[in-house]
Amino acid sequence: MADHQRIHPVPEPEQEPPVPKPTVPLVPKGSFRSEKGDPEKQQPLRRTIPYYPPLKPPKKRCCACKRCLCCTCCIFFLLIIIIGGLAAAFYFVFQPKIPTYSVDSMRIRQFSFNTDMNLFATFNVDITARNPNKKIGIYYESGSHLTVWYTGVKLCEGSLPRFYQGHQNSTVLSLDLSGQTQNATELLQALQVDRQRGSIPLNLRAKVPVKLKIGKLKLMKWKFLVKCRLDVDSLSANNAIRIRNSDCKFGFRL
């Protein structure tokens, strides 16, 4: 009996998966993905502004400015010390004192009203100027102005003569002042009231340009300002005018 052959299936050998072929990369080397990517997936480009940090000023320049400021302050304080020292030396060496003035007497030569109520006044005033300084002389220059006022109205005016006043000298000045006041009706009414009280207030003001002499040195021009308040008993012509009270104040300016 013939042997029966058995046929067994022979398993096929396992096939290896095919090796994929190399493909060209979508993004070449050295390029950004955003340059070659999918246009639908690309986001819009954003332009960025470069950031520059604030510049700091050079330290050398800052130090130079501080040094210059310190030098300026030092020079300023040094000048103050020098000026103060010179002023102190001047005071101790020359011992400056303020000149004094007084109104000694007053005479009225004319004080009358015309039909238009215009006032005509002529005064003669004696003023004593005293220079108490031992080492300072006073040159009274031309251009002085002297006025007499009553209730804010100028009655008369004049000027001082030009002269030199030496050390510790007292000079009596006899001055003639004259003036005219128009429409003096209100002035006359106020004058009648003050006459009844027996006291008439007057103001005498003087502006006098002077130069000080220290040794042989003649300094720049100053302006003396003198204000005197007077109380007199009357303002009648050809009568003795008695000064009840006199108070003079002194000032100066360049």
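Residues numbered from 1 in each chain as written. Predicted model: local features only at pLDDT ≥ 70, side-chain atom pairs only at ≥ 80, totals over all residues. Heavy atoms only, no water.

This part covers the state of the cysteines. Summed over the entire model, instances satisfying the criterion amount to one disulfide. There is a disulfide in this structure between Cys228 and Cys248, and the S-S distance comes to 2.0 Å. Between Cys228 and Cys248, the S-S dihedral sits near 110 degrees, and the bridge is therefore right-handed. Highlighted residues: Cys228 in strand β9 (residues 217–232) and Cys248 in strand β11 (residues 243–253), separated in sequence by 20 residues. Of all cysteine sulfurs, the one in Cys74 lies closest to Cys70, which takes part in no disulfide; the gap is 6.5 Å. Take Cys70: its relative accessible area is 47%, and that puts it in the partly exposed class. Looking at Cys74, the relative accessible area reads 54%, which means it is exposed. (Disulfide = S-S within 2.5 Å. Helix = DSSP H or I, 4+ residues; strand = E, 2+ residues; numbered from the N terminus. Buried < 20%, exposed > 50% of the residue type's maximum accessible area, 1.4 Å probe, protein only.)

Okay, the packing of aromatic side chains next. Going through the model one piece at a time under the given rule, you end up with nine aromatic pairs. Taken together, a centroid distance of 6.4 Å and an interplanar angle of 35 degrees make the contact between Phe250 and Phe252 tilted. Among the residues examined, Phe250 registers a relative accessible area of 26% and is labelled partly exposed. Each residue in the set Tyr101, Trp222, Phe224, Phe250 and Phe252 is aromatic and connected to the rest through ring pairs, giving one cluster. (Phe/Tyr/Trp six-rings, centres within 6.5 Å; stacked < 30°, edge-to-face > 60°.)

Let us now look at a positive patch on the surface. A contiguous patch of positive charge on the surface is contributed by Arg205, Lys207, Lys227, Lys249 and Arg253. At the level of secondary structure, the elements contributing two or more residues to the positive patch comprise β8 (200–214) and β11. Tracing the backbone through its elements, the reader meets Lys249 in strand β11. (Patch = residues over 30% accessible without salt bridge, like charges linked within 9 Å, V, L, I, M, F, W, Y side chains within 5 Å. Areas by Shrake-Rupley, 256 points an atom, 1.4 Å probe, with all protein chains shown as cover. Salt bridge = Lys/Arg side-chain N within 4 Å of Asp/Glu carboxyl O. Lys, Arg positive; Asp, Glu negative; His and termini not counted. Charge placed at Lys NZ, Arg CZ, Asp CG, Glu CD.)

This part is about the UniProt feature "transmembrane region" (unreviewed entry) in the protein chain. Sequence positions flagged by UniProt for "transmembrane region" (unreviewed entry) are, in local numbering, residues 68–94. Within the segment residues 68–94, helix and strand shares are 100% and 0% respectively, and the terminal C-alpha atoms sit 39 Å apart. (UniProt positions renumbered as here; feature names shortened; annotations may be inferred.)

Here Thr147 shows up in strand β4 (residues 145–150). In terms of polar contacts, Thr147 uses its side chain to reach the side chain of Trp149, at 2.8 Å. Among residues more than four places away in sequence, those in contact with Thr147 are Lys154, Cys156, Glu157, Asn203, Leu204 and Arg205. (Polar contact = N/O pair within 3.5 Å; in protein donor to acceptor, adjacent residues only side chain to side chain. Contact = heavy atoms within 4.5 Å.)

A positive phi is found at Met117, a non-glycine position, where the angle reads about 60 degrees. As for its position among the elements, Met117 is in the loop between β1 (100–113) and β2 (119–131).

As judged from the five bridges shared by β4 and β8, these two strands associate in the antiparallel manner. When the sheet's bridge partners are listed, Trp149 is paired in β8 with Asn203. Direction of pairing for β4 relative to strand β5 (residues 153–158): antiparallel, over a ladder of five bridges. What sits directly across from Thr147, in β5, is Glu157. With antiparallel pairing between neighbouring strands as the criterion, β4 and β5 make up a hairpin whose turn holds two residues, including Thr151 at a positive phi of roughly 50 degrees. (Pairing = 2+ DSSP bridges.)

Nonpolar side chains collect at one region of the surface, where Ile75, Leu78, Leu79, Ile82, Ile83 and Leu86 lie side by side and expose about 610 Å² of accessible area between them. Residue placement: Ile82 occurs in helix α2 (residues 59–94).

The next point concerns the nonpolar core. Ranked by size, the top nonpolar core spans 42 residues in total, and within it Phe111, Phe123, Leu155, Leu202 and Leu235 carry the most contacts. Per element, the largest residue contribution to this core is eight residues, and it comes from β8. The contact partners of Phe123, leaving out residues within four places of it in the chain, are Met106, Arg107, Ile108, Phe111, Val148, Leu155, Cys156, Leu175, Asp176, Leu177, Leu202 and Leu235. (Core = buried A, V, L, I, M, F, W, Y, C linked by side-chain atoms within 4.5 Å.)

Here the focus is helix α3 (residues 185–197). For the α-helix, the turn length of 3.6 residues means that residues three or four positions removed from each other point alike. In this model α3 runs 19 Å from its N-terminal to its C-terminal C-alpha over 13 residues, within 8% of the 18 Å that 1.5 Å per residue would give. Regarding α3, the residues found buried are Leu187, Leu191 and Asp194. Buried residues of α3, viewed axially, fall in a sector of 65 degrees; they line one side. Across α3 from its buried face, at more than 90 degrees, point the exposed residues Glu186 and Gln196. Where α3 is buried, its residues touch β1, β2, β4, β5 and β8. Two residues or fewer after α3 comes Gly198, characterised by a positive phi angle close to 85 degrees. (Expected span 1.5 Å × (residues − 1). Arc of directions from axis to C-beta.)

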